[in-house]
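Here is what each chain is made of, one letter per residue.
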Amino acid sequence: MNKREMLAAITFGKRIAEDEADALKSYFVETDQWRKVLSGDVDVVYGPKGSGKSALYSLLRNKQEELRARHIIAVAGESIRGTPVFEDLVADPPASEEQFRGLWKLYFLSLIGTALRLVKIDNDHSRALLSALEGAELVHAKWSLKGSLRAALDYVRRIDSMSGAVKINPVSGLPEGVEAKVTIREPSSEQRKLGFLSADTLLEMGDKAFGQGGEKYWIVLDRLDVAFAESSDLEGNALRALFRVYRDMAALENISLKIFLRDDIWARITSAGFREASHVTRSITITWDARSLLYLVIRRALYNEAINNFYQVDSSAVLASVDEQERLFYRIFPAQVERGERKSTTFDWMLARTTDGTGKTAPRELVHLLSAARDQQLKLLERGEAEPGGENLFDRTALQAALPEVSKVRYEQTLCAEHPTLKPFLDKLEGEKTQQTPSSLAKIWRVSDAEAGTRAEKLADVGFFQRRGSKEQPVFWVPFLYRDALNLVQGPAD
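Reading guide: rules and limits
- Residues numbered from 1 in each chain as written.
- Predicted model: local features only at pLDDT ≥ 70, side-chain atom pairs only at ≥ 80, totals over all residues.
- Heavy atoms only, no water.
- Axes fitted to C-alpha atoms, helices over the stretch in contact; angles between N-to-C directions.
- Helix = DSSP H or I, 4+ residues; strand = E, 2+ residues; numbered from the N terminus.
- Parallel < 35°, antiparallel > 145°, perpendicular 65-115°, else oblique.
- Left-handed = near helix turned anticlockwise from the far one by under 90°.
- Contact = heavy atoms within 4.5 Å.
- Nonpolar A, V, L, I, M, F, W, Y, C, P; charged D, E, K, R; others polar.
- Pairing = 2+ DSSP bridges.
- Buried < 20%, exposed > 50% of the residue type's maximum accessible area, 1.4 Å probe, protein only.
- Salt bridge = Lys/Arg side-chain N within 4 Å of Asp/Glu carboxyl O.
- Core = buried A, V, L, I, M, F, W, Y, C linked by side-chain atoms within 4.5 Å.
- Phe/Tyr/Trp six-rings, centres within 6.5 Å; stacked < 30°, edge-to-face > 60°.
- Lys NZ or Arg CZ within 6 Å of the ring centre and 35° of its normal.

Visitor: Teacher, can you tell me more about the packing of helix H3 (residues 32–39) against helix H4 (residues 53–62) here?
Guide: A packed helix pair is summarised by two numbers, namely the angle formed by the two axes and the spacing between the axes. One can describe the packing of H3 onto H4 by two numbers: an axis separation of 11 Å at closest approach and a directional angle of 45°. With respect to H4, the axis of H3 lies oblique. The chirality of how H3 crosses H4 is right-handed. Where H3 approaches H4, its residues Trp34, Val37 and Leu38 are matched on the opposing element by Leu56, Leu59 and Leu60. When grouped by side-chain class, the residues that make up the contact of H3 with H4 number six nonpolar, no polar and no charged.

Visitor: How should the sheet that holds strand E12 (residues 474–477) be read in this particular structure?
Guide: Within a sheet, neighbouring strands are paired by backbone hydrogen bonds and run either parallel or antiparallel to one another. Spatial ordering of the open sheet is given by E11-E12-E10-E13, a layout of four strands whose pairing is mixed. Two strands lie at the open edges of the sheet, namely strand E11 (466–469) and strand E13 (489–492), each paired on one side alone. Between one strand axis and the next, the sheet turns by 30° as a mean value, whatever way the strands run. Bridging between E11 and E12 involves four bridges; their strand directions are antiparallel. Each bridged residue has a counterpart across the sheet, and for Arg468 the counterpart in E12 is Val475.

Visitor: When you look at the pairing of strand E8 (residues 255–262) in this model, what are you seeing that I'm missing?
Guide: Successive residues of a regular strand alternate their side chains across the two faces of the sheet. Within E8, eight of the eight residues are buried, which leaves it mostly tucked inside the rest of the structure. Neither face of E8 is exposed, since Ile255, Leu257, Ile259 and Leu261 on one face and Ser256, Lys258, Phe260 and Arg262 on the opposite face are all buried.

Visitor: For this particular structure, what's the right way to read the side chain of Thr114?
Guide: Residue placement: Thr114 occurs in helix H6 (residues 97–119). Those residues in contact with Thr114 that lie beyond four places of it in its chain are Val139 and Trp143.

Visitor: I'm lost on the pattern of salt bridges in this one. Help?
Guide: Side chains that carry opposite charge are capable of pairing whenever their charged atoms lie near each other. Across all of its chains, the model carries 32 salt bridges by this definition. Residue Asp43 is joined to Arg282 by a salt bridge in which the shortest nitrogen-to-oxygen separation is 2.9 Å. Of this pair, Asp43 sits in the loop between H3 and strand E1 (44–47) while Arg282 sits in the loop between helix H13 (263–270) and strand E9 (283–285), and the two are 239 residues apart along the sequence. Judged by its relative accessible area of 34%, Arg282 is partly exposed. Three or more residues are tied together by salt bridges with common partners; here these are Glu98, Arg101, Lys105, Asp200, Arg247 and Asp248.

Visitor: It is not clear to me how the environment of Asp222 should be interpreted in this structure. Could you clarify?
Guide: Inspection of the secondary structure assignment puts Asp222 in the loop between strand E7 (216–221) and helix H11 (224–227). With 164 residues separating them along the chain, Asp222 and Ser58 place their C-alpha atoms 9.6 Å apart. Beyond its immediate sequence surroundings of up to four residues, Asp222 is in contact with Ser54, Tyr57, Glu78 and Phe260.

Visitor: Just checking my understanding: could you explain the nonpolar core for this structure?
Guide: Proteins that are soluble and globular tend to have nonpolar side chains buried together. With 65 residues, the main nonpolar core has Trp104, Phe108, Phe228, Phe243 and Ile259 as its most contacted residues. Here this core takes eleven residues from H6, the largest share from any one element. The residues touching Ile259, leaving out its near neighbours within four places in the chain, are Asp43, Val44, Val45, Leu221, Leu224, Leu242, Phe243 and Tyr246. Ranked by size, the runner-up nonpolar core spans 61 residues in total, among them Ile332, Phe347, Ala373 and Ala460.

Visitor: What should I look at first to understand the sheet that holds E7 in this one?
Guide: With respect to topology, five strands assemble into an open sheet ordered E2-E7-E8-E1-E9, the strand pairing being parallel. Among the strands making up the open sheet, the edge pair consists of strand E2 (72–76) and E9. Sheet twist, expressed as the mean angle between neighbouring strand axes with direction ignored, is 15°. As paired elements, E1 and E9 share three bridges and run parallel to each other. Residue pairing in the sheet places Tyr46 in a bridge with Thr285 of E9. Strand contacts of helix H10 (residues 199–212): E2, E7 and E8, with the helix running at about 110° to E8, the strand carrying the most contacts. The strands touched by H13 are E1, E8 and E9; relative to E8, the strand with the most contacts, the crossing angle is about 100°.

Visitor: Looking at this structure, how should I read the packing of aromatic side chains?
Guide: Two numbers describe a pair of aromatic rings. These are the distance of the centres and the angle of the planes. Under the counting rule described, the total for this entry stands at 21 aromatic pairs. Here Phe329 and Tyr330 contribute two aromatic rings whose centre-to-centre distance is 4.8 Å and whose plane-to-plane angle is 80°, an arrangement assigned as edge-to-face. A ring pair is formed by Phe425 and Trp445, whose centres lie 5.9 Å apart and whose planes are at 55°; its orientation type is tilted. Placement of the pair is Phe425 in helix H21 (residues 423–427) and Trp445 in helix H22 (residues 438–445), with a sequence separation of 20 residues. Connected via pairs of aromatic rings, a cluster forms that spans Phe12, Phe329, Tyr330, Phe333, Phe347 and Phe394. Of note, Arg353 hangs over the ring of Phe480, and the distance from its end group to the ring centre comes to 3.8 Å. Lying across the ring of Phe480, Arg483 places its NZ or CZ 4.3 Å from the centre.

So, in structure tokens, the structure goes:
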């Protein structure tokens, strides 16, 4: 193979985990954090967008056989791809956070009842639970996630979620519009005599049914940022209610929620105070340092048999040694992208160009940079440019040419898509300098210095600006990641 053929044959994977579910297991970096998730020691996984939460989630789903061998049934509580199940709630949401809490419990009960049927767990607890759920029409012969959500939503609206009681007809004194006797809160003594059961009691029944059947049941929730993206109020109600339900279910021994959530969303819903936050102790936050990111790059490179053959390396030996990983990296890539004694090495250059204002490098952007560089290098060779020197597959030009695409996609598909209300302020920075002060921003935005400072702080919170200077004289610096997208000019504003 010549270098052009090599580049045509290799891949660094997709930037989004959902798009590479099959290949992901071959080059996924199995960190200690992942092992804690797989062992069941962790219930909540936090991380920035693009940090690998969905990769963990996808790999968890790929480990179904291993989990089943350990008598663990893991099911998705949200659609893995396509339209999120909970997106349907945007147009017609529950009336309150309390009603949302009831919705989550009934939805989980629907999933639990369906699982008991499919796995054929048959004992006194499972029969009693299924009887109650069938009466409430929360389980159906024809099952789907959307169907379970709709059944739970219909039911919760037919009862008074604020009191936890069943709606009673004032004339007849009988339950109105409800066939089953399921309440959101604990039933009164009179209701208990009539056979009413709370959702919490039913969850305990499900827990005992799985325990007696020798199984554990995990409900795994990902893509919650997408599901409630259309409404911040809905997102807040939904997620606060979810974590209250998580607390309510903490005592269950055989049923667990596994929640994958962006850390900025968690910060947002807890910023005004959220007592349940102290109960979320079985959690991890995904973090990446330079070494783990280098390992990620090399592991993805070695996924290509062509690279193994071309460089004649033993992939196991390379992956076992940081020095060998660095050595192989610089056989594939040039030593520097920008020449000069004071300029950084290529890998440090890559990290600096894919780091946002919070100082975090997301694997998603690093993978995108590698893939875009591969495309740029191939394009250069196809139009007759000279091959990279020595053993290198990439030259400086290809890496530099790849950055604008990464910047544009990150800006448009992540930053602006996630924070549409900030886009008007961002767009007005087009062509401006990379270093600003409240005073210079006030002129650009035509607002007071105080208002400009407030807006700049918001942009720093989402990672567009990096805070510099002092509290008295703040300076806001735009990281390399966003510069090309807005054609920013290096240097401080006048």
